[in-house]
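Examining the three-dimensional arrangement
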Amino acid sequence: MNYFPDEVVEHVFDFVTSHKDRNAISLVCKSWYKIERYSRQKVFIGNCYATNPERLLRRFPCLKSLTLKGKPHFADFNLVPHEWGGFVQPWIEALARSRVGLEELRLKRMVVTDESLELLSRSFVNFKSLVLVSCEGFTTDGLASIAANCRHLRDLDLQENEIDDHRGQWLSCFPDTCTTLVTLNFACLEGETNLVALERLVARSPNLKSLKLNRAVPLDALARLMSCAPQMVDLGVGSYENDPDSESYLKLQAAIKKCTSLRSLSGFLEAAPHCLSAFHPICHNLTSLNLSYAAEIHGSHLIKLIQHCKKLQRLWILDSIGDKGLEVVASTCKELQELRVFPSDLVGGGNTAVTEEGLVAISAGCPKLHSILYFCQQMTNAALVTVAKNCPNFIRFRLCILEPNKPDHVTSQPLDEGFGAIVKACKNLRRLSLSGLLTDQVFLYIGMYANQLEMLSIAFAGDTDKGMLYVLNGCKKMKKLEIRDSPFGDTALLADVSKYETMRSLWMSSCEVTLSGCKRLAEKAPWLNVEIINETDNNRMEENGHEGRQKVDKLYLYRTVVGTRMDAPPFVWIL
Amino acid sequence: MITELEMGKGESELELGLGLSLGGGTAAKIGGKSGGGAWGERGRLLTAKDFPSVGSKRAADSASHAGSSPPRSSSQVVGWPPIGSHRMNSLVNNQATKSAREEEEADKKKVNDDHQPKDVTKKVNGKVQLGFIKVNMDGVAIGRKVDLNAHSSYENLAQTLEDMFFRTNPGTIGLTGQFTKPLRLLDGSSEFVLTYEDKEGDWMLVGDVPWRMFITSVKRLRVMKTSEANGLAARHQEPKERQRNQPA
């Protein structure tokens, strides 16, 4: 390869698109490193504090697409205080100053302000794609800047963000000349929507393939929207309540029949179940169905809909479907690859909830299943062993038994053997979430068998430090380890400090690690940021130290090449 | 901190207990955990109809006055079950809607002879909005969030806000550090007054309407300097009068 001119090598590299592969290429030799960095267009940064904008731009001056992730995963469950960090502003400022030709920005769990969005919209002439997932800190005014200033906007995709809704005029900020939209997702907006502006926008966007509406868009508007966008591939229905005999409903039925390209359906944020039948004619084409927000639709209506969806590959649903419903899924959806079953009722027994039987049925009926997230009331080792036998191809296995520490409900044993069977059989397992009653034994199995495991979530599990040690010593590919309410302490934390250099991050909350343990770790590993998040009082922690035997509430550590961050709030103590 | 939580038909039960139903006899192990652990730390009082309070660091009481099966302990631990907050808010809203609707139907069946106006929250649209809302305070750059769901009255809410913004605790963000006396956000006698933005986008003085009506229409809160809230009468003087104010 070294005898080829750089342009040829670069051309070859163009075919290498995955981040992992490109990172590997850059390590081969200096010449390849150089060629690779000038030709790299898409950069993925899994932890925004692992590096900084200056280093990013120095290494990849030709970058066009940037993905950034901010807060740790447990921020999704309110375990990370709002002011912790993850600000995108410095990144956008640096990118704007450098005049890099940014076209795409994808952010997850970051703090985004209207100022950031305004700057973004004004700084990059070719900006095309904005994807914000679980972000916060901005309002619809920020969206208005994006709409108004990004002349070639293709994607505006807002997934589960917290957006302050100043009520609806941002949609009118798209100029009449804007006809390039391909994706428009504003399902997470809580306020009113300017329906006229929306309809005109959709009507002048012939490339629009993905449209996800918020709950303020009623059924009659949906009918009109679908009529002027029959090319739709991915639809998120907003509000879906109407009288089934009305004219709007008939219009909707007609519009739906014309949408022969529709492959993905979601939303139904407010839904009257008896209207679902309008969608039956296109169900046979659907590959993705997300009804996980449709709390008002009962099991029987869900089942009727799903019976038409023979090509379904991805299904997100509420547990109101029940075990019987999952059996229908198992017998109908033979192409199913990903299933998520969310709880619909957190208070009180919930006799419509799903159990281990539903999970077993799915594993038996869906041979292509590789990703599952399953919330349930109860589980048994026997069921998990059966699931492992049926589905050795799991890549992601996340089981959440709602009651912490709940044992096998038949034998009252811990669920060690069940999860052990899963990790032993599923050789490609990359992500695992545990729940139920678990001892150190399950971690022995994980350390022994889960060779490809990259992300592990532990809650209320284990007996001693040995548990955590099994994992740290055994799982060579571990990248993200997050632990809460488990009895792991300093011994496990400090056993192999160099391990953390191979991992992206470690989170430990309500465990047994002490302040002095964390301090020792920070001393041994200056290339780590060791953050103590203590919402009560870090100063008091120091005073009452008693040689730092005080337990640490929340510990978050991550490798970084740029040292301590400067934007940490007072309750975050970086050792 | 022990708070009284009122949900449902206005009954309040004071029951303090830490009988969380843990499987496998591991209660002792859990109880021995670090200071940040959610179990067995502080008591929180609630009735059988309580919803999960995701943001609180208090271990909840599990006793139920209705004598039905104890509430799931999964709903009493902070950040558990691991459902994203966006989804959790939607879930809580839906459950509230369901029970509001059930109550509405139950009420309709009752024969009502007296002409007392019914609780408007159920009448208007049957939807009760719960969950976390933002609180900002004048002069403080970073806001907070408070779970309306976890409060039963204006006094309750005011107490929480006072704790959030005026604790003289250096670790607390957003504090002014000056005030050590109780704030009295509700009676107009202090330097600050509590206002809220309603569904129509107007800024209103907190406290005029019944609590249940308030929580259906409030979108966010603002602790405003009394000097800025010009013309807003002190509550005890003119409880009925209110003025609309756009924040500066």
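Keep in mind it's a predicted model, so treat the numbers as computed, not measured.

Glancing now at the overall build of chain B. A tally of helices and strands in chain B yields five helices and seven strands. Reading chain B from its N end, one meets helices and strands in the order α-β-β-α-α-β-β-α-β-β-α-β. Counting the 248 residues in chain B, one finds 50% classified as buried. For chain B, the accessible surface area stands at approximately 11,900 Å², while carbon and sulfur atoms represent 51% of it.

Turning to the packing of helix H2 (residues 19-26) of chain A against helix H3 (residues 30-39) of chain A, a few remarks are in order. Residues and elements named next belong to chain A. In contact at an axis separation of 8 Å, H2 and H3 are set at 140° when each is read in the N-to-C sense. Contact residues: Arg22, Ile25 and Ser26 in H2; Trp32, Tyr33, Glu36 and Ser39 in H3. Each residue belonging to the contact of H2 with H3 can be placed in one class, and the counts come to three nonpolar, two polar and two charged.

In a structure, side chains of opposite charge can pair up when their charged atoms sit close to one another. Per the counting criterion, the structure on display carries 27 salt bridges over all chains. For the salt bridge of Lys212 of chain A with Asp234 of chain A, the shortest nitrogen-to-oxygen distance reads 3.5 Å. With a gap of 22 residues between them, Lys212 of chain A in strand S9 (residues 210-212) and Asp234 of chain A in strand S10 (residues 234-240) connect regions that are remote in the sequence. Salt bridges here are not isolated pairs; linked through shared partners, they connect Asp164 of chain A together with Lys134, Glu197 and Arg220 of chain B.

Taken from the UniProt record, the annotation "domain: F-box" (unreviewed entry) applies to residues 4-45 of chain A. In residues 4-45 of chain A, helix accounts for 62% and strand for 10%; the two terminal C-alpha atoms are 31 Å from one another.

Residues and elements named next belong to chain B. Spatially, five strands are ordered S4-S3-S7-S5-S6 in an open sheet, and the strand pairing comes out mixed. Edge positions in the sheet fall to strand S4 (144-147) and strand S6 (203-205), since each has one partner strand and no second. The sheet shows a mean angle of 35° between the axes of neighbouring strands, direction not considered. Pairing of strand S3 (residues 132-137) with S4, which is carried by four bridges, proceeds in the antiparallel orientation.

Because an α-helix packs 3.6 residues into every turn, residues spaced three or four apart end up facing the same way. Residues and elements named next belong to chain A. Those residues of helix H11 (residues 299-306) lying buried are Gly299, Leu302, Ile303, Leu305 and Ile306. Looking straight down H11, one finds its buried side chains confined to an arc of 160°; they lie on one side. Each element contacted by the buried residues of H11 is listed here: strand S12 (288-290), strand S13 (314-318) and helix H12 (322-332).

Leu66, Leu184, Tyr240, Phe279, Phe397 and Ile446 of chain A are the most contacted members of the largest nonpolar core, which has 186 residues in total. Considering every element that reaches this core, the biggest residue donor is helix H9 (residues 219-227) of chain A, with six residues. Excluding anything up to four places from it in sequence, Ile446 of chain A contacts Val423, Leu432, Leu434, Leu453, Leu456, Val471 and Cys475 of chain A. Counting residues in hydrophobic clusters, the runner-up holds 23 residues, among them Met137, Val146, Leu148 and Val218 of chain B.

Moving on to the pairing of strand S5 (residues 192-198) of chain B. Residue and element names in this part refer to chain B. Along S5, seven of the seven residues are buried, which leaves the element largely enclosed by surrounding structure. Taking every second residue as pointing to the same face, both faces of S5 are buried, with Phe192, Leu194, Tyr196 and Asp198 on one and Val193, Thr195 and Glu197 on the other. Relative to strand S7 (residues 218-225), S5 runs antiparallel, the two being bridged by seven bridges. Its bridge partner lying in S7, Thr195 is registered against Arg222. The sheet contact formed by S5 and S6 spans three bridges and is antiparallel. What sits directly across from Thr195, in S6, is Leu205. Adjacent in sequence and paired antiparallel, S5 and S6 are bridged by four residues, among which Gly201 carries a positive phi angle near 90°.

Within the secondary structure, Asp416 of chain A sits in helix H15 (residues 416-425). Not counting residues within four places of it along the chain, the set of residues in contact with Asp416 of chain A comprises Asn381, Leu437, Leu438, Thr439, Gln441, Val442 and Tyr445 of chain A.

Residue and element names in this part refer to chain A. A cluster of nonpolar side chains, Phe4, Val8 and Val12, forms an exposed patch at the surface whose accessible area comes to about 230 Å². With respect to the element layout, Phe4 can be found in the segment before helix H1 (6-13). Given the relative accessible area of 45%, Phe4 is considered partly exposed.

We now examine a negative patch on the surface. Residue and element names in this part refer to chain A. Side chains of Asp6, Glu7, Glu10 and Asp14 sit close together on the surface and give a patch of like negative charge. Note on placement: Asp14 falls in the loop between H1 and H2. Since its relative accessible area comes to 44%, Asp14 is described here as partly exposed.

The next point concerns unusual backbone geometry. For the bond from Trp80 of chain B to Pro81 of chain B, the omega torsion is -5°, close enough to zero to count as cis. Assignment of secondary structure puts Pro81 of chain B in the loop between strand S2 (59-60) and helix H2 (85-109). You will see that Asn78 of chain A, though not glycine, has its phi angle at about 65°, which is positive. With respect to the helices, strands and loops of the structure, Asn78 of chain A is situated in the loop between strand S2 (65-69) and helix H5 (89-98). Phi at Ser412 of chain A is positive, roughly 60°, even though this residue is not glycine. Tracing the backbone shows Ser412 of chain A in the loop between strand S16 (396-401) and H15.

On to the packing of helix H13 (residues 356-365) of chain A against helix H14 (residues 381-390) of chain A, then. Residue and element names in this part refer to chain A. Put simply, H13 and H14 touch, their axes get as near as 9 Å, and they point 15° apart. In terms of axis orientation, H13 runs roughly parallel to H14. Judged by the sense of rotation from one axis to the other, the crossing of H13 with H14 is left-handed. Here Glu356, Leu359, Val360, Ser363 and Ala364 of H13 lie close against H14, whose contacting residues are Ala383, Leu384, Thr386, Val387 and Asn390. For the contact of H13 with H14, the class distribution of residues is six nonpolar, three polar and one charged.

Each value, and the rule that gives it
- Residues numbered from 1 in each chain as written.
- Chains lettered and ligands numbered in written order.
- Predicted model: local features only at pLDDT ≥ 70, side-chain atom pairs only at ≥ 80, totals over all residues.
- Heavy atoms only, no water.
- Helix = DSSP H or I, 4+ residues; strand = E, 2+ residues; numbered from the N terminus.
- Buried < 20%, exposed > 50% of the residue type's maximum accessible area, 1.4 Å probe, protein only.
- Areas by Shrake-Rupley, 256 points an atom, 1.4 Å probe, with all protein chains shown as cover.
- Axes fitted to C-alpha atoms, helices over the stretch in contact; angles between N-to-C directions.
- Contact = heavy atoms within 4.5 Å.
- Nonpolar A, V, L, I, M, F, W, Y, C, P; charged D, E, K, R; others polar.
- Salt bridge = Lys/Arg side-chain N within 4 Å of Asp/Glu carboxyl O.
- UniProt positions renumbered as here; feature names shortened; annotations may be inferred.
- Pairing = 2+ DSSP bridges.
- Arc of directions from axis to C-beta.
- Core = buried A, V, L, I, M, F, W, Y, C linked by side-chain atoms within 4.5 Å.
- Patch = residues over 30% accessible without salt bridge, like charges linked within 9 Å, V, L, I, M, F, W, Y side chains within 5 Å.
- Lys, Arg positive; Asp, Glu negative; His and termini not counted.
- Charge placed at Lys NZ, Arg CZ, Asp CG, Glu CD.
- Parallel < 35°, antiparallel > 145°, perpendicular 65-115°, else oblique.
- Left-handed = near helix turned anticlockwise from the far one by under 90°.

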